[in-house]
Amino acid sequence: MRVVMAEDDPLLREGVALLLGAEGLDVVAKAGNAEEALVAIDTHKPDVAILDVRMPPTHTDEGIRAAVEARRRHPGLAVLVLSAYVEQSFATELLSGGVNGLGYLLKERVGRVEEFLDALHRVAAGGTAIDPEVVAQLFTRSHQDTRLDRLSPRERDVLTLMAEGLGNTAIAERLVVTDGAVHKHIRSIFAKLDLSPTDRVDRRVAAVLQYLEESRRAR
């Protein structure tokens, strides 16, 4: 796997690069700001780009804007964004263009090496990885009467894990239920969120995006 790493903190940047190298991944370029990151992505065309949210010059949303621009230039590019805090509006902005091959993790997750590498590989394979803390805070902030209120507590648990990017088998293992039970819950979620099987979208993706959007409106 070929990786471009963009992080303005040199210690974290070098530390992550060393970690990835030790795991057999090829860090083809390291960048200290969003502009350098885009140049590196254009030049090396990596399998995945890891981008910090806040980078010079304003330390606000440079990483998010770079991620969106990189995927515009290179459709299908896998991107994993790292943030020091739960910045829900940034997560929603990033994911609004589609969730395949996208991840949003808190930086503290990097220290949990196995979880971090699992998320990175999942994103590189075209999946989704949203930090559990981000998902938990989105649900906490959602207080309006929305379609999410139709879901049972167990269905909310399943949708939370779907939003993190877990597949049915992983969800079943996490909740200690059968694959069949998870499939039944997901069918119920689709029905309660008015997601028709005839829709020309991935209903799993649509459910997660609806969850993120309605949580954003409830802030």
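Thresholds applied
One numbering rule holds for all chains: residues counted from 1, following each sequence as written. Side-chain atom pairs in this predicted model are given and counted only at pLDDT of 80 or more, local residue features only at pLDDT of at least 70, and totals for whole chains, interfaces and linings cover all residues. Just so you know, side-chain values use all the structure's heavy atoms and leave hydrogens and water out. A side-chain nitrogen of Lys or Arg and a carboxyl oxygen of Asp or Glu constitute a salt bridge if their distance falls within 4 Å. Only DSSP runs of H or I with at least four residues qualify as helices, and only runs of E with at least two residues qualify as strands; both kinds are numbered from the N terminus onward. Relative accessibility decides the category of a residue: with a 1.4 Å probe and only protein chains considered, values under 20% of the type maximum give buried, values over 50% give exposed, and everything between is partly exposed. One fewer than the residue count of a helix, multiplied by 1.5 Å, yields its expected span. DSSP bridges decide pairing: two strands pair if at least two such bridges lie between them. Seen with its strands pointing away from the viewer, a crossover is right-handed when the path leading from the first strand over the helix to the second is clockwise. By the counting rule applied here, Lys and Arg register as positive and Asp and Glu as negative, while His and the ends of each chain are not counted. Think of a polar contact as two N or O atoms within 3.5 Å of one another; within protein, one of them needs to be a possible hydrogen donor and the other a possible acceptor, and neighboring residues in sequence only count if both atoms come from side chains. For helices, the axis comes from a line fit to the C-alpha atoms of the stretch in contact; other axes are also lines fit to C-alpha atoms, and the angle between any two N-to-C directions lies between 0 and 180 degrees. Geometric relationships in this document are graded by angle, where less than 35 degrees denotes roughly parallel, more than 145 denotes roughly antiparallel, 65 to 115 denotes roughly perpendicular, and other angles denote oblique. Should any heavy atoms of two residues lie within 4.5 Å, those residues are counted as being in contact. By the convention adopted, Pro, Cys, Tyr, Trp, Phe, Met, Ile, Leu, Val and Ala count as nonpolar, Lys, Arg, Asp and Glu as charged, and the other residues, Gly among them, as polar.

Participant: Could you give an account of the pattern of salt bridges, with specific residues and numbers?
Facilitator: In this structure the tally under the stated criterion is 14 salt bridges. A salt bridge links Glu14 to Lys30; its shortest N-O distance comes to 2.9 Å. One end of the pair, Glu14, is in helix α1 (residues 10–22); the other, Lys30, is in strand β2 (residues 26–31), with 16 residues separating them in the sequence. By relative accessible area, Lys30 is classed as partly exposed at 43%. Measuring nitrogen to oxygen at the nearest pair gives 2.8 Å for the salt bridge that ties Glu69 to Arg73. With Glu69 and Arg73 both in helix α3 (residues 62–73) and four residues apart, the pair spans about one turn of that helix.

Participant: Which residues make up α3, and what are the values?
Facilitator: Since there are 3.6 residues in each turn of an α-helix, residues three or four apart along the chain are aligned in direction. Look at α3: 16 Å from first C-alpha to last across 12 residues, which is about the 16 Å you get at 1.5 Å a residue. Residues of α3 that are buried include every one of Glu62, Gly63, Ile64, Ala66, Ala67, Ala70 and Arg71, and no others.

Participant: If you had to explain the pairing of β2 to someone new, which residues and values would you point to?
Facilitator: Both strand β1 (residues 2–6) and β2 contribute to a ladder of five bridges, which runs parallel. Residue pairing for β2: Arg2 is matched across the bridge by Asp26. On the question of chirality, the crossover connecting β1 to the parallel β2 by way of α1 is right-handed.

Participant: Any chance you could break down the side chain of Arg71 for me, citing the residues and the numbers?
Facilitator: Relative to the helices and strands, Arg71 resides in helix α3. Within the buried set, Arg71 has no salt-bridge partner at all; the shortest N-O distance to an opposite charge, 11 Å, is to Glu69. Within the structure, the side chain of Arg71 is placed 3.4 Å from the backbone oxygen of Gly101, a separation counted as a polar contact.

Participant: Tell me about the packing of helix α8 (residues 168–175) against helix α9 (residues 179–192), residues and numbers included.
Facilitator: Interaxial distance between α8 and α9 falls to 8 Å at its minimum, and their mutual angle equals 110°. The angle between the axes of α8 and α9 places the two elements in the roughly perpendicular class. Judged by residue contacts, Asn168, Thr169, Ile171 and Ala172 of α8 engage Asp179, Val182, His183 and Ile186 from α9. Of the residues contributing to the contact of α8 with α9, the split by class is four nonpolar, three polar and one charged.

Participant: Which residues make up the pairing of β1, and what are the values?
Facilitator: Among the five residues that make up β1, four are buried, leaving the element largely enclosed by the rest of the structure. Sheet topology note: the β1/strand β3 (residues 48–52) ladder contains four bridges and is parallel. Considered in β3, the bridge of Val3 is made with Val48.

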